[in-house]
Amino acid sequence: MDPKLASRPASYDPLCPHCEKRIAEVHWRQIEAVNAEYLFICPNCKKVIGIGVRKAAWIN
């Protein structure tokens, strides 16, 4: 059995993997695709930072 990774809450804003600016909010856009419903977008550089099946509860 693989060991579990340790985790803890983060008190900092993450960085965009494209522009490396702080991401204090995430923009999203609904799409119609197989196994995907949302694109999550960096508000600074407008590049896609993720794709998800459903919108996260913390996003309005």
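Everything here concerns the structure above.
Structural notes, computed from the coordinates. (Residues numbered from 1 in each chain as written. Predicted model: local features only at pLDDT ≥ 70, side-chain atom pairs only at ≥ 80, totals over all residues. Heavy atoms only, no water.)

So, about the pairing of strand S2 (residues 36–41). A large share of S2 lies buried, amounting to 5 of its 6 residues. Between strand S1 (residues 27–33) and S2, which pair antiparallel and follow one another directly, the connecting turn spans 2 residues, one of which, asparagine 35, has a positive phi of 60°. The sheet contact formed by S2 and strand S3 (residues 48–52) spans 4 bridges and is antiparallel. Looking across to S3, one finds that tyrosine 38 is bridged to glycine 52. Between S2 and S3, which pair antiparallel one after the other, the connecting turn spans 6 residues, and lysine 46 there sits at a positive phi close to 70°. (Buried < 20%, exposed > 50% of the residue type's maximum accessible area, 1.4 Å probe, protein only. Helix = DSSP H or I, 4+ residues; strand = E, 2+ residues; numbered from the N terminus. Pairing = 2+ DSSP bridges.)

Now for the sheet that holds S1. Taken in spatial order, the 3 strands line up as S1-S2-S3 in an open sheet, and their pairing is antiparallel. Looking at which strands have only one partner, the edges of the open sheet turn out to be S1 and S3. Geometrically, the sheet is characterised by an average inter-axis angle of 25° between neighbouring strands, direction not taken into account. As paired strands, S1 and S2 are joined by 5 bridges and run antiparallel to one another. (Axes fitted to C-alpha atoms, helices over the stretch in contact; angles between N-to-C directions.)

This brings us to the environment of tyrosine 12. As for its placement among the helices and strands, tyrosine 12 is situated in the segment before S1. Looking at tyrosine 12, the relative accessible area reads 61%, which means it is exposed. For the pair tyrosine 12 and isoleucine 23, spaced 11 residues apart in sequence, the C-alpha separation works out to 9.7 Å.

Right, let's get into the packing of aromatic side chains. Both the distance between ring centres and the angle between the ring planes are used here to describe each pair of aromatic rings. Using the criterion set out here, one finds 2 aromatic pairs in the structure. Consider the rings of tryptophan 28 and tyrosine 38, whose centres lie 5.3 Å apart with planes at 70°: the pair is edge-to-face. Of this pair, tryptophan 28 sits in strand S1 while tyrosine 38 sits in strand S2, and the two are 10 residues apart along the sequence. Judged by relative accessible area, tryptophan 28 falls into the partly exposed class, the value being 31%. When its relative accessible area of 10% is taken as the criterion, tyrosine 38 is described as buried. Geometrically, the ring pair formed by tyrosine 38 and phenylalanine 40 is stacked, given 6.5 Å between the ring centres and 25° between the ring planes. (Phe/Tyr/Trp six-rings, centres within 6.5 Å; stacked < 30°, edge-to-face > 60°.)

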